[in-house]
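Here are the chains, one letter per residue:
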Amino acid sequence: MDIFSGRLYTLPTNKQPNRADKTLIKKILEKNGYEIPLKNLELVKVGEDYDLYFIKTEDKLYSLKLSFDPDNKSLKREMSFIKKAKIKSAPTFVSGGNVVVGDKLFYLLCEAAPSESITDYGLGAISGQFDKFLEDYSELYNQSNNSYTFRKQTKDFVSSFNFQDLFGQDEIGYIQQSSDHKLCELIIATIQKEILNLCKNLDHTFQNTILGDVDLSYIFYDGVDFQFFDLKNSCVGHAFSDFINISLTLGLNKDAEKSLITKACSKLNIAYDQSLFELLHSIELRKKALKLFCNYLKEVYLYESQRIEELFKLAQEFTASYERYCKIPIVKENRQFIFKNITEPILEASPKE
């Protein structure tokens with residue numbers, strides 16, 4: 001199911017940082033001894049944990065991640081991993097840490113290959129160049145210097161979507177005015193509980209590094225190589241988790257998913273374990289549903305629907321694997337409520353043609 005089939009939309013995008021952004025970034029670089037011209041500074045992504053910028057010079061491309069949280073644990077974890085990994089499929093560490101520019105900030109500066117997000121380049125890049133994607137992914141997968149475990153990553157992931165932590169009384173009031181905040185809270189809590197209970201059944205010892213929470217907009221491609229720009233959730237886990245995530249994002253059917261997983265196992269020299277696959281599929285399906293549902297509520301009630309592009313992305317990902325998400329009992333029971341609250345408001349409010 002694709003709610004955008006047969007429809008034409010024009011989405012407003014703004015990748016030009018303002019003068020205040022440029023001034024702040026210039027001061028950060030200068031404080032750390034870098035005189036990098038900012039003539040070609042681009043705001044690539046406004047994220048939950050940090051903002052991602054590209055700085056293009058005559059002969060180099062830098063990625064800069066900037067957080068106003070000086071104790072940003074996810075960015076610190078990502079910096080630690082990149083410094084140790086030193087792999088072609090990830091940006092190369094240049095500098096990072098805390099810096100005081102008025103307030104205390106945290107930044108991560110890396111050198112990267114000139115490329116663009118596959119969501120801009122075209123999602124067909126993965127399927128069309130899947131062998132190359134697996135080759136570049138294997139660099140990451142074969143890293144053994146990661147101490148962040150899948151269980152810990154999943155526990156942290158689940159706790160990051162606690163309803164009462166996400167929304168204050170004002171936001172809960174707004175949700176209640178146009179929806180049912182008690183039902184929203186019940187759906188979230190039920191999925192969280194199921195994820196944690198399923199993880200108790202994991203008795204495997206993982207040794208390889210995975211992305212942990214795949215966001216295709218952070219996977220970049222230059223026509224030859226793939227690079228991974230979001231490693232904050234990278235952990236010791238099984239490749240099943242990443243490729244299940246990719247399958248759900250792309251909306252693959254079971255046969256196409258099985259083909260993708262089988263080929264990945266063959267190229268990565270992984271024994272196919274059906275019981276492990278089914279368990280991780282149940283976990284990742286719920287993690288994905290939890291993330292999509294919560295992030296939609298955040299976009300609407302915290303960010304006041306200002307990020308239209310993010311809303312479209314969430315709705316498209318949800319509808320791409322809608323039938324899969326309905327395998328989750330609490331989602332199936334409330335599928336009309338969820339579908340109405342996630343997709344219909346977007347279609348009604350979005351600018352067309």
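One can find the structure itself at the top, above this paragraph.
Residues numbered from 1 in each chain as written. Predicted model: local features only at pLDDT ≥ 70, side-chain atom pairs only at ≥ 80, totals over all residues. Heavy atoms only, no water.

**Q** Sorry, what's going on with the sheet that holds strand β2 (residues 51-56) here?
**A** In a beta sheet, neighbouring strands are held together by backbone hydrogen bonds and run either parallel or antiparallel to one another. With antiparallel pairing, the five strands of this open sheet are ordered in space as β1-β2-β3-β5-β4. The sheet is open, and its two edges are formed by β1 (40-46) and β4 (92-101), each paired on a single side. Averaged over neighbouring strand pairs, the angle between their axes works out to 20 degrees when direction is ignored. Bridging between β4 and strand β5 (residues 103-112) involves nine bridges; their strand directions are antiparallel. The residue of β5 that forms the bridge with threonine 92 is glutamate 111. Together, β1, β2, β3 (61-67), β4 and β5 form the strand contacts of helix α1 (residues 19-31), whose direction differs from that of β4 by roughly 105 degrees. Each of β3, β4 and β5 touches helix α2 (residues 73-85); the most contacted strand, β5, lies at about 35 degrees to it. (Pairing = 2+ DSSP bridges. Helix = DSSP H or I, 4+ residues; strand = E, 2+ residues; numbered from the N terminus. Axes fitted to C-alpha atoms, helices over the stretch in contact; angles between N-to-C directions. Contact = heavy atoms within 4.5 Å.)

**Q** How do you make sense of the side chain of threonine 319 when you look at a structure like this?
**A** One can find threonine 319 in helix α13 (residues 308-320). For threonine 319, a relative accessible area of 0% corresponds to the buried category. Of the polar contacts made by the side chain of threonine 319, one reaches the backbone oxygen of glutamine 316; its length is 3.2 Å. (Buried < 20%, exposed > 50% of the residue type's maximum accessible area, 1.4 Å probe, protein only. Polar contact = N/O pair within 3.5 Å; in protein donor to acceptor, adjacent residues only side chain to side chain.)

**Q** I tried to follow the packing of aromatic side chains on my own but got confused; where do I start?
**A** How two aromatic rings sit relative to each other is set out by the distance from centre to centre and by the angle between their planes. Under the counting rule described, the total for this entry stands at 22 aromatic pairs. With 6.2 Å between their ring centres and 80 degrees between their planes, phenylalanine 150 and phenylalanine 206 make a pair best called edge-to-face. In this pair, phenylalanine 150 is assigned in helix α6 (residues 150-159) and phenylalanine 206 in the loop between α9 (181-199) and β7 (208-210), connecting sequence segments 56 residues apart. Through a chain of ring-to-ring contacts, three or more aromatic side chains come together here, namely Tyr121, Phe130, Phe133, Tyr137, Tyr141, Tyr221, Phe226, Phe228 and Phe243. (Phe/Tyr/Trp six-rings, centres within 6.5 Å; stacked < 30°, edge-to-face > 60°.)

**Q** Quick question: what am I supposed to make of a positive patch on the surface here?
**A** A cluster of basic residues, Lys254, Lys327, Lys332 and Arg335, forms a positive patch on the protein surface. Position of lysine 254 relative to the elements: it lies in helix α11 (residues 254-268). (Patch = residues over 30% accessible without salt bridge, like charges linked within 9 Å, V, L, I, M, F, W, Y side chains within 5 Å. Areas by Shrake-Rupley, 256 points an atom, 1.4 Å probe, with all protein chains shown as cover. Salt bridge = Lys/Arg side-chain N within 4 Å of Asp/Glu carboxyl O. Lys, Arg positive; Asp, Glu negative; His and termini not counted. Charge placed at Lys NZ, Arg CZ, Asp CG, Glu CD.)

**Q** So what exactly am I meant to see when it comes to the packing of α9 against helix α12 (residues 274-301) here?
**A** The geometry of a pair of packed helices is captured by two quantities: the angle between their axes and the separation between those axes. α12 packs onto α9 with a crossing angle of 155 degrees between their chain directions and a minimal axis gap of 9 Å. In terms of orientation, α9 lies roughly antiparallel with respect to α12. Remark: the crossing between α9 and α12 carries left-handed chirality. Together, Cys184, Ile187, Ile188, Ile191, Gln192, Glu194, Ile195, Leu198 and Cys199 of α9 and Leu279, Ser282, Ile283, Arg286, Lys287, Ala289, Leu290, Phe293, Cys294 and Leu297 of α12 make up the contact between the two elements. When its residues are assigned to classes, the contact of α9 with α12 shows 14 nonpolar, two polar and three charged. (Parallel < 35°, antiparallel > 145°, perpendicular 65-115°, else oblique. Left-handed = near helix turned anticlockwise from the far one by under 90°. Nonpolar A, V, L, I, M, F, W, Y, C, P; charged D, E, K, R; others polar.)

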